[in-house]
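Listed here are the chains, written in short residue letters.
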Amino acid sequence: MYRNLLNKLNDYQVILVAVSKTQPLDRILALYEEGQRVFGENRVQELLQKAEKLPQDIQWHLIGHLQTNKVKQIIPVVSLIQSVDSARLLAEINKQAQKAGRVVDCLLQFHIAQESTKFGFSKSEAVALLESEACAAMTHVRLCGVMGMATFTDDSELVRAEFRQLHHIFTDLKAQFFKDAPYFKEISMGMSSDWEIAVAEGSTMVRIGSLLFGPRN
Ligand SMILES: *Cc1c(COP(=O)(O)O)cnc(C)c1O
């Protein structure tokens with residue numbers, strides 16, 4: 001499965017984030033030994049515990065909701081925080097990154113699904129953030145793009161429309177705020193059930209768990 005998926009994604013130059021939440025260390029290590037280096041976790045504690053025991057050259061992405069009181073712990077370990085869903089959280093990441101003496105790469109998470117439970121910015125909220133002086137003064141975060149999750153549904157046209165919407169948000173923000181910022185380039189969208197649609201709609205990074213590891217408990 002892994003090789004097959006990787007070959008397809010490589011054709012499109014799409015980055016594979018292997019979502020290892022709930023998976024035991026040996027299964028993660030097995031994928032590492034096949035060459036995978038980018039892994040995604042949705043809980044801070046689980047990410048930290050795994051990072052401590054697994055090879056140091058793994059790039060850990062946080063893909064789940066991050067509480068401000070856990071930012072400090074994650075800063076030394078994380079390579080990309082994909083789930084920045086509020087201005088307050090971004091400010092806290094900036095503050096703790098500054099204290100730790102590093103610049104942390106982040107994606108802005110957008111609410112594109114119809115479900116009301118999913119976290120994320122609306123386009124106008126993100127514009128307000130990016131226009132703010134507070135944001136301009138954040139020297140220790142680097143915004144590298146956008147992330148979103150489509151509605152969990154069999155309706156592939158709805159999923160496609162949502163991914164297309166995220167791509168438009170990316171394009172607009174790029175033009176308005178990041179024209180001269182080559183690092184603002186990622187559109188993280190696509191999971192096990194919808195990655196092919198996401199890639200067709202311009203995803204640069206897919207987050208795939210169950211397709212690689214089998215169903216979670
Ligand atoms: C769990 C999770 C995924 C992966 O889900 P699969 O359906 O197992 O591929 C992707 N993104 C986020 C934010 C997740 O929480």
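Structure report, in brief.

Conventions we followed
- Residues numbered from 1 in each chain as written.
- Predicted model: local features only at pLDDT ≥ 70, side-chain atom pairs only at ≥ 80, totals over all residues.
- Heavy atoms only, no water.
- Near = heavy atom within 4 Å.
- Polar contact = N/O pair within 3.5 Å; in protein donor to acceptor, adjacent residues only side chain to side chain.
- Areas by Shrake-Rupley, 256 points an atom, 1.4 Å probe, with all protein chains shown as cover.
- 1 Å grid on protein atoms, 1.4 Å probe; cavity = no way out; pocket = protein on both sides within 12 Å on 5 of 7 lines; lining within 4 Å.
- Sits in = over half its atoms within 2 Å of the grid points.
- Nonpolar A, V, L, I, M, F, W, Y, C, P; charged D, E, K, R; others polar.
- Helix = DSSP H or I, 4+ residues; strand = E, 2+ residues; numbered from the N terminus.
- Buried < 20%, exposed > 50% of the residue type's maximum accessible area, 1.4 Å probe, protein only.
- Contact = heavy atoms within 4.5 Å.

### Describing the site of the ligand
Here is step 1: Near the ligand, the surroundings consist of Val19, Lys21, Ile63, Met149, Met191, Ser192, Arg207, Ile208, Gly209, Ser210 and Arg216.
Here is step 2: Measuring from an oxygen atom of the ligand, one finds a side-chain N or O atom of lysine 21 at 2.7 Å.
Here is step 3: Isolated, the ligand exposes 390 Å² of accessible area, and the fraction of that covered by the protein chains is 91%.
Here is step 4: Here the ligand occupies the largest pocket.
Here is step 5: Split by residue class, the shell around the ligand holds five nonpolar, three polar and three charged.

### Some remarks on unusual backbone geometry
Here is step 1: Even without being glycine, glutamine 13 reaches a positive phi, approximately 55°.
Here is step 2: Position of glutamine 13 relative to the elements: it lies in the loop between helix H1 (2-11) and strand E1 (15-19).
Here is step 3: Look at threonine 22: it is not a glycine, yet its phi comes out positive at around 70°.
Here is step 4: Relative to the helices and strands, threonine 22 is located in the loop between E1 and helix H2 (25-33).
Here is step 5: The exposure class of threonine 22 is partly exposed, given its relative accessible area of 46%.

### Some remarks on the environment of tyrosine 2
Here is step 1: Mapped onto the secondary structure, tyrosine 2 falls in helix H1.
Here is step 2: With sequence-adjacent residues up to four places away left out, tyrosine 2 is seen in contact with Leu16, Leu31, Glu34, Gly35, Gln36 and Leu212.
Here is step 3: Here the side chain of tyrosine 2 touches glutamine 36 through a polar contact of 2.7 Å, side chain to side chain.

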